[in-house]
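Notes for the structure review
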Amino acid sequence: MDGKMIVTYKILCKNDFNLELTLEKLFSNEKIAKMIKSEFAKGIRNIDIITKESDAKIKLETQKELYQFEVNKNDFADLISLAEEDAKTRKLTKKDCADIELVNIETID
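Turning to helix H3 (residues 79–89), a few remarks are in order. Leu 79, Ala 83, Asp 86 and Ala 87 are the residues of H3 that are buried. Burial along H3 is one-sided: seen end-on, the buried residues are contained in an arc of 100°. For H3, the exposed residues set more than 90 degrees away from the buried face come down to Lys 88 and Thr 89. Along its buried surface, H3 packs onto strand E1 (4–12), strand E4 (67–72) and strand E5 (99–108). Of the residues flanking the end of H3, it is Lys 91, one or two places downstream, whose phi is positive at about 60°.

Here you go:
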C-alpha cells in the first residue's frame, strides 16, 4: 500500500475524569431540573422536563490536547507502538500519564 496516514492521539492519565450520563438520569436530578426550569421557564409553575430521546447520552471527560504524526500506510498494524514512540520522543509521557488513545486515523496521498 502506497501513501501515508496522519494519526491523531491523546495521552491518558490515571486521574482523568470520564463519565457518561443519559438525559433521563440527568433530568431526574432535582437540582438540575430546578436550575433548567428557573433559567428557561422563570415564573411558570407545574412544568415537567420531557425528552423524546431518554437514552441520549452526555459525556463528561477531561479535556486533552491532541497530537499528530505522519506514518506510511504499511505501518497500520503498529500504530499504537508508533504513537507511544512519538509521545516519548516529544517527552509527553510522565509517571501517571503514559497511556495512549488513538483518536483519528486519516489517509492522505
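Okay, back to it.
Further remarks concern a negative patch on the surface. Side chains of Asp 78, Glu 84, Glu 85 and Asp 99 sit close together on the surface and give a patch of like negative charge. Of the residues examined, Glu 84 reaches a relative accessible area of 35% and is grouped as partly exposed.

Taken as a whole and judged by the stated rule, the model has 1 disulfide. Each disulfide pairs two cysteine sulfurs, and for Cys 13 the partner residue is Cys 97, the sulfurs being separated by 2.0 Å. With the S-S bond torsion at 110°, the cross-link from Cys 13 to Cys 97 turns out right-handed. One end of the pair, Cys 13, is in the loop between E1 and strand E2 (18–22); the other, Cys 97, is in the loop between H3 and E5, and 84 residues separate them in sequence. Assigned by exposure class, Cys 13 and Cys 97 land together as buried.

Read from one edge of the open sheet, 3 strands run E4-E1-E5, paired in antiparallel fashion. Of all the strands in the sheet, just E4 and E5 have a single pairing partner and so form its edges. Each adjacent strand pair in this sheet contributes to an overall mean axis angle of 30°, direction not counted.

Rules of the game
- Along each chain, residues carry numbers from 1 onward, in the same order as the chain's sequence is written.
- Whole-chain, interface and lining totals are the exception, using all residues; otherwise, since this is a predicted model, local features are given only for residues with pLDDT of at least 70 and side-chain atom pairs are given and counted only at 80 or more.
- Water and hydrogen atoms were dropped before computing side-chain values, which therefore reflect all heavy atoms in the structure.
- Using a 1.4 Å probe on the protein chains alone, a residue whose accessible area is under 20% of its type maximum counts as buried, one over 50% counts as exposed, and one in between counts as partly exposed.
- A run of H or I in DSSP counts as a helix once it spans at least four residues, and a run of E counts as a strand once it spans at least two, with each numbered from the N terminus.
- Taking the helix axis as origin, the arc is that swept by the directions to the C-beta atoms.
- Note on contacts: a residue pair is in contact if any heavy atoms of the two residues lie within 4.5 Å.
- Patch membership requires over 30% relative accessible area and the absence of a salt bridge. Like charges are linked within 9 Å, and nonpolar side chains (Val, Leu, Ile, Met, Phe, Trp, Tyr) within 5 Å.
- For every accessible area listed, the method is Shrake-Rupley and the probe measures 1.4 Å; residues are considered covered only by the protein chains on display.
- What counts as a salt bridge is simple: a side-chain nitrogen of Lys or Arg found within 4 Å of a carboxyl oxygen of Asp or Glu.
- The sign given to each residue is positive for Lys and Arg and negative for Asp and Glu; His and the chain ends receive no count.
- By convention, the point assigned to a charge is CZ for Arg, NZ for Lys, CD for Glu and CG for Asp.
- By disulfide we mean two sulfur atoms from cysteines, separated by a distance within 2.5 Å.
- Two strands pair under a simple rule: DSSP has to find at least two bridges between them.
- Every axis in this analysis is a line fitted to C-alpha atoms, fitted for helices over the stretch in contact. Angles between the N-to-C directions lie between 0 and 180 degrees.

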